[in-house]
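Architecture and fold: a report
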Amino acid sequence: MWCRRLSRLFVVPHRPTRSTRPRLPWLPRDRTVPAAATRWHHTAPESLKCAWQLHGDHLELRYANTLMRFDFVWLRDHCRSASCYNAKTNQRSLDTASVDLGIKPKAVRVDETTLFLTWPDGHVTRYGLEWLVKNSYEGQKQQVMHPRILWNAEIYRQAQVPSVDCQSFLETDEGLKEFLQNFLLYGIAFVENVTPTKEDTEILAERISLIRETIYGRMWYFTSDFSRGDTAYTKLALDRHTDTTYFQEPCGIQVFHCLKHEGTGGRTLLVDGFYAAEQVLQQAPDQFELLSKVPLKHEYVENVGDCHNHMIGVGPVLNVYPWNNELYLIRYNNYDRAVINTVPYDVVHRWYAAHRTLTAELRRPENELWVKLKPGKALFIDNWRVLHGREAFTGYRQLCGCYLTRDDVLNTARLLGLQA
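The protein chain carries the name Trimethyllysine dioxygenase, mitochondrial in an unreviewed UniProt entry, which gives Caloenas nicobarica as its organism. In its Subcellular location (unreviewed entry) section, UniProt records this for the protein chain: "Mitochondrion matrix".

Set out below in C-alpha cells:
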C-alpha cells in the first residue's frame, strides 16, 4: 500500500565495497578476537551472511547486504543491557560522559543473529544483527521515516480516498485509524457529518491532539470582517502557502470547518508540496539542494487593540533529514517572507531561480486539488507538507478551525500501530 516513489527518490543507493584483502580462513563461530585484528571474519564456514573485522577505532560489519561501520564508543553507549538501558521507557541509564573515548572491546563474537562485545571491565553488550541494520547510519540511509503517497489532483481523485464519518471517528478505533492512515499517506483527510458549530469542531480536533494555542486563540472563528490585518480575513483570493511560517516551529496540523457560506466562490485549493519538491529534485537537484540549505526569515506584524506581535521564524524552504535527504517540512509563504538578508549576494540570484522552479511546480494546474468546503465537512491539513489557498468569494462566509500539536497526532497514530 505504501508508495515507493518517495523512498526511491530520497534514498542514496548504497553499494557495499568489496574487500581487496585476500580471503582468509573462516573462524569458528565462538572465537573471540583482540581489538587489534583487521581481517574479515565470518560467522560460520557454511554462511557468508555476516562478516566483520575490527579496526583501530571501529567495527566493520557486513550483514543483510549492508556494510556498516560502528564507532566503539557508539557500541558501548547504545548497550541494551538492563544496567544500561530501560527497555520499558526506551531511556538510557548509562552515563554517556562516563564512557572512555578511547574504549575498545576486549573480545568480539558474532553468531548468526547476534553481536557480542566484551569490554575491558568485563561488561558484555549484545546486539541483534537486525537491530544494527535498522539503527546504523548506513541502514537509516536506506529507510524512509514517514511513508507517503505523493499526489497531484488526478492521482488523488483516482485513489478515491474515503472520508470518515464523524461518529466512527469519535467513537471507534477503526474509524480513527482509517482517518489517520489517510492523513499520514496523503497529508489531508476529511471527516463528514460534523455538526457545524465551533464547539463540535473542537471536540473533533481533541480526538487526536491537544489544540495549540496561538495568537489567533485556541479555536479561531472568523468571517471576512477585516478584524485583523491578515489577508485570510478578507474575501480576496489567497495563493497557495503554508501557515505560520513566521513561527520558529510552524504549526503541524490545521483544521478547517466551513460553518456557513451564503454566496459564491470560496473553494479551497490544496497542493502537495512534497510532490512538487520531488519534481524539482528530479529535474534540478542542485536547486533542490539550495532550497534545502539557504535559511530565510519569515515575519508577521500585528497590532490589534493592546496586542502587539512581531514574530520571526527562520528556516529553509525545504527541510530534509540530512542522512537520507527525505523531505519532512516545506516552509512556503510568499506573503510572509521577510527581507532576504541571510544570503550572500553571490547566492541570492541562484536562490531566486530555484524558488522560481519550485513555484512553477506548485502552480501547475494539474497539481491543484480544488475542494468546496461545506457545513458538516471538516478538513485536516498537514501544514508541514500540503499548501492551501482559496479562491475569492462573495457573500457571508463563516469558518472555524484550529492548529494541532504535531507530536500528539503522530503519537495517536503510533498507538494505533501506524508508522508515523
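In space, the three strands of this open sheet follow the order β7-β8-β9, with antiparallel pairing throughout. Two strands lie at the open edges of the sheet, namely β7 (107–110) and β9 (124–128), each paired on one side alone. Taken over all neighbouring pairs, the strand axes of this sheet differ in orientation by 15° on average, direction set aside.

Glancing now at the sheet that holds strand β14 (residues 238–241). With respect to topology, four strands assemble into an open sheet ordered β14-β23-β16-β21, the strand pairing being antiparallel. Strands at the two margins of the open sheet, each flanked by one partner only, are β14 and β21 (369–371). Ignoring which end each strand starts from, the neighbouring axes of this sheet average 20° apart. Pairing analysis gives three bridges linking strand β16 (residues 268–272) to β21, with the strands arranged antiparallel. In the sheet register, Thr-268 faces β21, and the bridge partner there is Val-371. Contacts from helix α9 (residues 273–283) reach β16 and β23 (386–390), with the element oriented near 40° to β16.

To continue, consider the packing of aromatic side chains. Under the definition given, this model contains 19 aromatic pairs. Pairing Tyr-216 with Tyr-300 gives two aromatic rings, centres 6.4 Å apart and planes at 35°, and the pair type is tilted. Of this pair, Tyr-216 sits in the loop between β12 (211–212) and β13 (220–222) while Tyr-300 sits in strand β17 (residues 296–304), and the two are 84 residues apart along the sequence. On the basis of relative accessible area, Tyr-300 is assigned to the buried category, the value being 9%. Site record: aromatic cluster; members linked through ring pairs are Phe-70, Trp-74, Tyr-127 and Trp-131. Above the face of the Phe-116 ring, Arg-109 is positioned so that its terminal group lies 4.0 Å from the ring centre.

Turning to the environment of Asn-90, a few remarks are in order. Within the secondary structure layout, Asn-90 lies in the loop between β5 (85–86) and β6 (91–92). C-alpha of Asn-90 to C-alpha of Arg-80: the two residues are ten residues apart in sequence and 9.5 Å apart in space. Side-chain polar atoms of Asn-90 contact the side chain of Tyr-85, separated by 3.2 Å.

On to the state of the cysteines. Applying the stated criterion across every chain yields a total of zero disulfides. The structure places no disulfide on Cys-84, whose sulfur is separated from the nearest cysteine sulfur, that of Cys-79, by 4.0 Å. When its relative accessible area of 3% is taken as the criterion, Cys-84 is described as buried. In this model Cys-400 remains outside any disulfide bridge; the closest cysteine sulfur is found in Cys-402, 7.9 Å from its own. On the basis of relative accessibility, which here comes to 0%, the residue Cys-400 falls in the buried class.

Analysis parameters
- Residues numbered from 1 in each chain as written.
- Predicted model: local features only at pLDDT ≥ 70, side-chain atom pairs only at ≥ 80, totals over all residues.
- Heavy atoms only, no water.
- UniProt positions renumbered as here; feature names shortened; annotations may be inferred.
- Pairing = 2+ DSSP bridges.
- Helix = DSSP H or I, 4+ residues; strand = E, 2+ residues; numbered from the N terminus.
- Axes fitted to C-alpha atoms, helices over the stretch in contact; angles between N-to-C directions.
- Contact = heavy atoms within 4.5 Å.
- Phe/Tyr/Trp six-rings, centres within 6.5 Å; stacked < 30°, edge-to-face > 60°.
- Buried < 20%, exposed > 50% of the residue type's maximum accessible area, 1.4 Å probe, protein only.
- Lys NZ or Arg CZ within 6 Å of the ring centre and 35° of its normal.
- Polar contact = N/O pair within 3.5 Å; in protein donor to acceptor, adjacent residues only side chain to side chain.
- Disulfide = S-S within 2.5 Å.

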